[in-house]
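Now for the letters of each chain:
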Amino acid sequence: MNWANVTLKEFQSALASSAPTPGGGSAAGVALGQAAALAKMVADLTLGNEKYSAGWEISNSVNVIAIPLLEEGLELATLDSQAFDAVVSGFKMPKSTDDEKAIRREEIRNSMLGAAKVPYDTACYALNLLKVLPDLASLGNDCLLYISPSPRYGLLSRISCSA
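Here the structure is a predicted model, which means the values were calculated and not measured.

Asker: Lay out the overall build of the chain in plain terms, naming residues and giving numbers.
Answerer: Counting its regular elements, the chain contains five helices and zero strands. Burial analysis of the chain (163 residues in total) assigns 34% to the buried set. Counting contacts in the chain only where the partners sit at least 6 residues apart, residues at least 24 apart contribute 64% of the total. With an accessible surface of roughly 9,200 Å², the chain has 59% of that area assigned to carbon and sulfur atoms.

Asker: Please set out the pattern of salt bridges residue by residue, giving values where relevant.
Answerer: For the coordinates displayed, the defined rule picks out three salt bridges. With a shortest N-O distance of 2.4 Å, K40 and D44 are connected by a salt bridge. Taken as a pair, K40 and D44 lie in helix 2 (residues 24-46) at a separation of four residues, close to a single helical turn. For K40, a relative accessible area of 22% puts it in the partly exposed group. Between R109 and E106 there is a salt bridge, and its shortest N-O distance comes to 3.7 Å. Placement of both R109 and E106 in helix 4 (residues 98-139) is noted, with a separation of three residues, approximately one turn of the helix.

Asker: Outline the packing of aromatic side chains, listing residues and values.
Answerer: Each aromatic ring pair is described using two quantities: the centre-to-centre distance and the angle formed by the ring planes. Scanning the model with the defined rule gives one aromatic pair in all. Pairing W3 with F11 gives two aromatic rings, centres 5.4 Å apart and planes at 75°, and the pair type is edge-to-face. Of the two residues examined, W3 and F11, each falls in the buried class.

Asker: Account for the side chain of D80, with residues named and values stated.
Answerer: Mapped onto the elements, D80 comes out in helix 3 (residues 56-91). No salt bridge is formed by the buried D80, whose closest oppositely charged neighbour, K117, lies at an N-O distance of 11 Å. Excluding residues within four positions of it along the chain, D80 makes contact with G25, S26, A115, V118 and P119.

Asker: Account for the packing of helix 2 against helix 4, with residues named and values stated.
Answerer: How two helices sit against one another is set out by the angle between their axes and by the gap between those axes. Axis separation between helix 2 and helix 4 bottoms out at 11 Å; the angle between their running directions is 25°. Classified by the interaxial angle, the pair formed by helix 2 and helix 4 is roughly parallel. The two elements helix 2 and helix 4 meet at a crossing, and its hand is left-handed. Every residue of helix 4 that contacts helix 2 at A28, G29, L32, A35, A36, A39, V42, A43 and T46 is listed here: T122, Y125, A126, L129, L133, L136 and L139. Of the residues that constitute the contact of helix 2 with helix 4, the class distribution is 13 nonpolar, three polar and no charged.

Asker: Would you mind going over the confidence of the model for the chain in detail, with residue names and values included?
Answerer: Of the residues in the chain, 88% have a pLDDT of 70 or more, and the chain-wide mean is 90. Confidence, expressed as mean pLDDT per element, reaches its minimum in the chain at helix 5 (residues 153-162) with 50 and its maximum at helix 3 with 97. A low-confidence stretch, residues 148-155 stays under pLDDT 50, and its non-local contacts, those more than four residues away or across chains, total 18 contacts.

Asker: Explain helix 4 residue by residue, including any values.
Answerer: For an α-helix the count is 3.6 residues per turn, leaving residues at separations of three or four pointing the same way. Between its first and last C-alpha atoms helix 4 spans 63 Å; for 42 residues at 1.5 Å apiece the expected length is 62 Å, and the two agree. If you look at helix 4, its biggest bend is around 30°, right at L133, and the proline P134 turns up within four residues after that. Within helix 4, burial applies to R104, I108, S111, A115, V118, T122, A126, L129, V132, L133, L136 and A137.

Conventions used here
Residue positions are given per chain, counted from 1 along the sequence in the order it is written. In keeping with the model being predicted, local features are shown solely for residues with a pLDDT of at least 70 and side-chain atom pairs are shown and tallied solely at 80 or more, while totals for entire chains, interfaces and linings include all residues. Only heavy atoms go into the side-chain values, all of them from the structure, while hydrogens and water stay out. Secondary structure counts use DSSP, requiring at least four H or I residues in a row for a helix and at least two E residues in a row for a strand, with both numbered from the N terminus. Throughout this description, buried means an accessible area under 20% of the type-specific maximum (1.4 Å probe, protein chains only), exposed means over 50%, and partly exposed covers the range between. In this description, contact between two residues means that some pair of their heavy atoms is separated by no more than 4.5 Å. Note on areas: Shrake-Rupley with a 1.4 Å probe; residue coverage comes only from the protein chains shown. Take a side-chain nitrogen of Lys or Arg and a carboxyl oxygen of Asp or Glu: if they are within 4 Å of each other, that pair is a salt bridge. We call Phe, Tyr and Trp rings a pair once their centres come within 6.5 Å, taking the six-membered ring for Trp, and we label the pair stacked below 30 degrees between planes, edge-to-face above 60, and tilted otherwise. We treat Lys and Arg as the positive residues and Asp and Glu as the negative residues; His and chain ends play no part in the count. Fitting a line to C-alpha atoms yields each axis, with helices limited to the stretch in contact; the angle taken between N-to-C directions then spans 0 to 180 degrees. With respect to orientation, any angle under 35 degrees is reported as roughly parallel, any angle over 145 as roughly antiparallel, any angle of 65 to 115 as roughly perpendicular, and every other angle as oblique. Handedness of a crossing follows from how the near helix is turned relative to the far one, being left-handed for an anticlockwise turn of less than a right angle and right-handed for a clockwise one. Note on residue classes: Ala, Val, Leu, Ile, Met, Phe, Trp, Tyr, Cys and Pro are nonpolar, Asp, Glu, Lys and Arg are charged, and everything else, Gly too, is polar. Across the chain, each position has a pLDDT score giving the predictor's confidence in that residue, from 0 to 100. The length a helix should cover is 1.5 Å for every residue beyond the first. The bend at a residue is defined as the angle formed between two axes, one fitted to the seven residues ending at that residue and one fitted to the seven starting there.

Structure follows, in structure tokens:
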């Protein structure tokens, strides 16, 4: 399933189901994309506004990181589901003979390694985004004052928690 091609409601329903996928890794990929979108929003509200010219450089840096994550987060969500589906398939393989058991064991091992890589990649992307958010919070558009009682940090902390 390509999670980029379903509605949020459909994704939520799938996530809440008893099916093995999507799971936490897919949800993290979607959250990463949403965090990137919010970071991009703040950066774009800062860019070009003379009042926040001190924040233009960090806003450009944020966009360099965030824009690719809009698609990459969705791709990671799909890859995570595919990787875990491979693990589930491995466990369903026959295990009647020693040869079948060996093949099954190897398939499970390989698929588990693949399934571990996607959340790791998601975490690495999230960390890269998180590293630039404090400066964006300090120098970015203070329109966020109207969103949070704590200037700029309310929304950006929500972004951080999503990523």
